[in-house]
Amino acid sequence: MALIVQKFGGTSVATSEKILAAARKAIRAHRDGDQVVMVVSAMGKQTDMLVDLAKQISDCPPAREMDMLLSTGEQVSVALMAMAIDSLGFSGVSLTGAQIGIMTDSIHTKARIKSISTDRMQKLLDDGNIVIAAGFQGIDEDFNITTLGRGGSDTTAVALAAVLGAATCEIHTDVDGVYTTDPRVLPEARRVHRISYDEMLELASLGAGVMHNRSIEFAKKYGVAIHVRSSLSDADGTMIVTDPESDQQAVCGAAVTKNEARVTVIGVPDIPGTSWEIFSRIAERNVTVDMIVQNVGAGGKANISFTVPLEELDETKSALRQAVDEVGADSFTCDDQVSKVSAVGLGMAAQTGVADRMFAALSEAGVNIHMITTSEIKISVLVHRDQAQAALRAVHHVFALHEQPAGVESIRSLERGENAVRGDVAAIVADLQGADMEELVINDVSLDGDQARVTIAGVPDQPGVAAQVFQQVAAAGVFVDMIVQSFDGVDGLATLSFTVPRSNLDEATAAAEGLRQQFDGLHITRGAHVAKLSVSGIGLRSHTGVAIRMFRTLSDAGVNVAMINTSEVRVNVVVAGAEGDRALGCLQAAFDAQ
Ligand code: ADP
Ligand code: ASP
Ligand code: MG
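What comes next is a walk through the structure. The structure displayed is predicted, hence computed values, not measured ones. (Residues numbered from 1 in each chain as written. Chains lettered and ligands numbered in written order. Predicted model: local features only at pLDDT ≥ 70, side-chain atom pairs only at ≥ 80, totals over all residues. Heavy atoms only, no water.)

Considerations on helix α15 (residues 465-475)
And then number 1: Looking only at α15, the buried set comprises V465, A466, A467, V469, F470 and V473.
And then number 2: On its buried face, α15 is in contact with α11 (354-364), β17 (371-375), β19 (441-460), β20 (483-487), β21 (493-501) and α16 (505-514). (Buried < 20%, exposed > 50% of the residue type's maximum accessible area, 1.4 Å probe, protein only. Helix = DSSP H or I, 4+ residues; strand = E, 2+ residues; numbered from the N terminus. Contact = heavy atoms within 4.5 Å.)

This is how it looks when you write it as structure tokens:
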């Protein structure tokens, strides 16, 4: 007898017929001998309707009251689900987050789970009941109702699967699995048989709305195998597990966040501490910052650009009005007409020539790239919103994502194999008791002192430039690690920086020099010895404080940050080579001390 968690999303419980259909699925598993915990979302668009209603009353409703309001959606659906199970002749018991004992912090509307008690659920299961848990909600230590953020029922489901030691966590939704990109946006998207936690984490936080990104953090941390499948059929869907679908492909998926905004702070004094000051002001308001790019400009002043979700732009602006004065920057500009398009894949960490293929495809599609950032397993570009769809299609096509890669095993054998990885479930569950479940985990702080940097300033902001540079670099067989392209905020010019192994610096510089034939006024500099410092772990992006803690530590040590990139599992910064060892020591002290 196994214990399984089955989560049903909003569209899968949108009507009474659908609730009954979901109840029948749970009953079938129960009859087959499994203990079943259902996690249920609010019906259909109920949460959106409640948000709308609140907005009609107030422009700025108190977050505590929003949680009180939004949690009612799930309370309705769990009660109806229990009635459905009862009407079909079985016994179901509905529980709210508070009744289960899902304890969270007090950050209303974005609360994190601290602990979950299993006693009540386990007793109900042992007594032969199907347990029906309300998704998306919890309770803080003062008994206030909290919610986990939009889409948070996935996180409830995976967290319950973790603490209960479930054999699998099934996510029943309105698509039959995880696709290479949103199939509603690109019909040529392909359903993948399996995807790794790291890839799904990146895709989820870069726009693939099929899973709440924090649910994948849980799954990775506690080794929960997730099966994403259609609520309308019994066909196999996609397993989210440790390994990727194929170890031969560089890219496994693409995603777009349509509503993004770009912010550039101009004329920031290029002295340690300014980035920290700026980002801590923004983090205080719980804004999630991405694509941070900093380039040293003329006269000891730098420009820092980054992106934020469009709906958080107003908060960001108000934080910046304060920060710009404090750090002595000149001004800031914003562009609210941009979208972020990303390619993700574990395979790109080991293959050359991935970025240049993406840039070439975008160039051929006539897409202008405003900004670029990369990490080990993703490449993100910022484009004008009108070009987002064309950009996504070009990226999907160039990596042949519509085609199944070689060597894909069948899903059933994967599911069984991966569950074995969980090993001693009792030990894992014991480990969880008393732990702060969504606490940031830092696995490693490391230094790569063997890199060099090339920076090309004065690059015209027009389609095809990045493609030309990286085609030349790839033709020389050079592995490019970090790439950032900034928006300079002046004269339609951009600055492009990248790092390569030190032994390849000459080839990389030659490729950059080759651009002078096409473009006037380029300014090419190189750092023959730079150090890349990395902090790796789980929860790095949802805990916005990690990048800030790195900035602050380096700033206190008087070390200047030349480049930065962030991903779900790692934050990297590039500093002068001579500073590498000292900076590493400071970061180790800062992160071990937590
Ligand atoms: P639920 O209400 O069941 O939680 P969601 O609407 O949150 O469902 O998630 C399912 C939707 O996610 C799909 O209808 C699809 O349009 C969208 N989606 C975005 N990216 C992807 C992807 N890569 N694969 C599958 N679906 C995706
Ligand atoms: N009902 C919540 C929402 O719509 C949570 C969820 O469905 O996951 O965001
Ligand atoms: Mg969802």
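Describing the side chain of R194
And then number 1: Here R194 is to be found in strand β10 (residues 194-196).
And then number 2: A polar side-chain atom of R194 sits 3.1 Å from the main-chain carbonyl oxygen of P244. (Polar contact = N/O pair within 3.5 Å; in protein donor to acceptor, adjacent residues only side chain to side chain.)

Some thoughts on the nonpolar core
And then number 1: F359, I456 and F498 are the most contacted members of the largest nonpolar core, which totals 52 residues.
And then number 2: Counting residues per element, this core draws most heavily on α11, which supplies seven residues.
And then number 3: By size, the runner-up hydrophobic cluster in this structure holds 51 residues, among which are A166, L201, V228 and I240. (Core = buried A, V, L, I, M, F, W, Y, C linked by side-chain atoms within 4.5 Å.)

Structural notes on empty space enclosed by the protein
And then number 1: Scanning the entire structure with this criterion turns up five cavities of 30 Å³ or more.
And then number 2: If you add up the space inside the second largest cavity, you get close to 80 Å³.
And then number 3: Along its surface, the second largest cavity is lined by 15 residues, and I369, Q462, V465, A466 and Q485 are the ones closest to its centre.
And then number 4: Only β19 and α15 provide two or more residues apiece to the lining of the second largest cavity.
And then number 5: With three residues, the single largest contributor to the lining of the second largest cavity is α15.
And then number 6: Residue composition of the lining of the second largest cavity, grouped by class: ten nonpolar, four polar and one charged. (1 Å grid on protein atoms, 1.4 Å probe; cavity = no way out; pocket = protein on both sides within 12 Å on 5 of 7 lines; lining within 4 Å. Points joined across faces, edges and corners; volume = space filled by probe spheres on them. Nonpolar A, V, L, I, M, F, W, Y, C, P; charged D, E, K, R; others polar.)

With respect to the side chain of S555
And then number 1: Structurally, S555 can be placed in helix α17 (residues 545-556).
And then number 2: On the basis of relative accessible area, S555 is assigned to the buried category, the value being 15%.
And then number 3: With residues up to four places along the chain from it excluded, the contact list for S555 reads P272 and G273.

Focus: the sheet that holds β10
And then number 1: Read across the sheet, eight strands follow the order β3-β6-β2-β1-β9-β11-β12-β10 without closing on themselves; strand pairing throughout is mixed. Either end of the sheet is taken by a strand with one partner, and the two such strands are β3 (92-95) and β10. Taken pair by pair, the neighbouring strands of this sheet meet at an average axis angle of 20°, ignoring direction.
And then number 2: Sheet topology note: the strand β1 (residues 3-8)/strand β2 (residues 35-40) ladder contains six bridges and is parallel. Pairing of K7 across the sheet is with V39, part of β2. (Pairing = 2+ DSSP bridges. Axes fitted to C-alpha atoms, helices over the stretch in contact; angles between N-to-C directions.)

A word on the packing of aromatic side chains
And then number 1: For the coordinates displayed, the defined rule picks out five aromatic pairs.
And then number 2: Geometrically, the ring pair formed by F218 and Y222 is tilted, given 5.9 Å between the ring centres and 35° between the ring planes. Remark: Y222 and F218 occur in helix α8 (residues 213-222); sequence separation between them is four residues, near one turn of the helix.
And then number 3: On the accessibility criterion, F218 (2% relative accessible area) is buried.
And then number 4: For Y222, a relative accessible area of 11% puts it in the buried group.
And then number 5: Measuring from ring centre to ring centre gives 5.6 Å for F359 and F470, while their planes differ by 50°; the resulting arrangement is tilted. Note that F359 is positioned in helix α11 and F470 in helix α15, a separation of 111 residues in sequence. Residues F359 and F470 agree in their burial class; the two are buried.
And then number 6: By the ring-pair criterion, three or more aromatic residues cluster together here, those being F279, F306 and F551. (Phe/Tyr/Trp six-rings, centres within 6.5 Å; stacked < 30°, edge-to-face > 60°.)

Some remarks on helix α12 (residues 388-398)
And then number 1: Those residues of α12 that fall on the buried side of the exposure criterion are A388, A391, L392, A394, V395 and H396.
And then number 2: Of the surrounding secondary structure, the elements contacted by the buried residues of α12 are β13 (253-269), β16 (331-344), α11 and β18 (378-384).

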